[in-house]
Amino acid sequence: QVQLVESGGGLVQPGGSLRLSCAASGSIFSRYALGWYRQVPGKQRDLVAAITTGGSTNYADSVKGRFTISRDNAKKLVYLQMNSLKPEDTAVYYCNARTSVPGAETYLEVWGQGTLVTVSS
């Protein structure tokens, strides 16, 4: 239903900043909770930041105070502002959209294709 495309990844030095964007299409964007996840080879995909339909946010402990998630429902975009980047932030970053399934005790979840962030001197 909804489709997601990430952009903004790249190479940055430690201490630098990047802003990731995720563009949505094909659905009613405001009905979805949104999140950013990251994954490195050999490890699970972990939640970095999430934002609800009402704008409430939560973050992984490792990024609190450095990363900020935001959404623009009019433009159907979700952002991840990343400051004070560390080498351990290197990963493929994925955006995620989730919404409840009417009449079922579950939810629909959609992923973007991912964008690579490399933090290195």
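Before reading further, recall that the structure is shown in the block above.
In this report, the structure presented in the accompanying data block is examined. Treat the numbers as computed from the prediction; the structure is a model and nothing was measured.

Rules and cut-offs
- Residues numbered from 1 in each chain as written.
- Predicted model: local features only at pLDDT ≥ 70, side-chain atom pairs only at ≥ 80, totals over all residues.
- Heavy atoms only, no water.
- 1 Å grid on protein atoms, 1.4 Å probe; cavity = no way out; pocket = protein on both sides within 12 Å on 5 of 7 lines; lining within 4 Å.
- Points joined across faces, edges and corners; volume = space filled by probe spheres on them.
- Helix = DSSP H or I, 4+ residues; strand = E, 2+ residues; numbered from the N terminus.
- Nonpolar A, V, L, I, M, F, W, Y, C, P; charged D, E, K, R; others polar.
- Buried < 20%, exposed > 50% of the residue type's maximum accessible area, 1.4 Å probe, protein only.
- Contact = heavy atoms within 4.5 Å.
- Disulfide = S-S within 2.5 Å.
- Pairing = 2+ DSSP bridges.
- Axes fitted to C-alpha atoms, helices over the stretch in contact; angles between N-to-C directions.
- Polar contact = N/O pair within 3.5 Å; in protein donor to acceptor, adjacent residues only side chain to side chain.

Let us now look at the layout of surface pockets. The computed volume of the largest pocket comes to approximately 160 Å³. Around the largest pocket, the lining comprises 14 residues; the ones closest to its centre are Arg 38, Val 40, Gln 44, Asp 46 and Glu 88. At the level of elements, strand S4 (33–39) and strand S5 (46–51) are the ones that each hand at least two residues to the lining of the largest pocket. Looking at the lining of the largest pocket, the element that brings in the most residues is S5, giving 3 residues. Considering only residue class, the lining of the largest pocket consists of 5 nonpolar, 4 polar and 5 charged.

One can find Leu 108 in strand S10 (residues 107–111). Of the residues examined, Leu 108 reaches a relative accessible area of 44% and is grouped as partly exposed. It is 5.6 Å that separates the C-alpha atoms of Leu 108 and Arg 98, two residues lying 10 residues apart in sequence. Residue contacts for Leu 108: discarding those within four places in its chain leaves Ala 97, Arg 98, Thr 99 and Val 101.

Excluding glycine, residues mostly have negative phi values, and the peptide bonds linking residues are mostly trans. Positioned with a positive phi, Lys 76 is a non-glycine residue whose angle comes to about 55 degrees. Structurally, Lys 76 is set in the loop between strand S7 (67–72) and strand S8 (77–82). Relative accessible area serves as the criterion here: at 24%, Lys 76 is assigned to the partly exposed category. Its identity is not glycine, yet Ser 84 carries a phi of approximately 50 degrees, on the positive side.

This part takes up the state of the cysteines. All told, the structure shown has 1 disulfide when counted by the stated rule. Paired through a disulfide, Cys 22 and Cys 95 show a sulfur-sulfur distance of 2.0 Å. Of note, the bridge from Cys 22 to Cys 95 carries an S-S torsion of about 45 degrees and is right-handed in sense. On the criterion of sequence distance, the pair formed by Cys 22 in strand S3 (residues 18–25) and Cys 95 in strand S9 (residues 91–100) is long-range, its members being 73 residues apart. A single burial state applies to Cys 22 and to Cys 95, both of which are buried.

This brings us to the sheet that holds S8. Reading across from one edge, S1-S3-S8-S7 is the order of the 4 strands in this open sheet, with antiparallel pairing throughout. The open sheet has two edge strands, strand S1 (3–7) and S7, and neither has a second partner. The average angle at which neighbouring strand axes cross in this sheet is 15 degrees, direction not considered.

Take the environment of Thr 68 next. Along the polypeptide, Thr 68 turns up in strand S7. Among the residues examined, Thr 68 registers a relative accessible area of 40% and is labelled partly exposed. With 36 residues separating them along the chain, Thr 68 and Ala 104 place their C-alpha atoms 32 Å apart. Excluding residues that lie within four positions of it along the chain, Thr 68 makes contacts with Tyr 59, Tyr 79, Leu 80 and Gln 81.

Relative to the helices and strands, Glu 109 is located in strand S10. The spatial distance from the C-alpha of Glu 109 to the C-alpha of Asn 73 is 18 Å, given a sequence separation of 36 residues. Not counting chain neighbours up to four residues away, the residues in contact with Glu 109 comprise Asn 96, Ala 97 and Arg 98. Separated by 3.2 Å, the side chains of Glu 109 and Asn 96 make a polar contact.

By themselves, these are just geometric observations and shouldn't be taken as functional.
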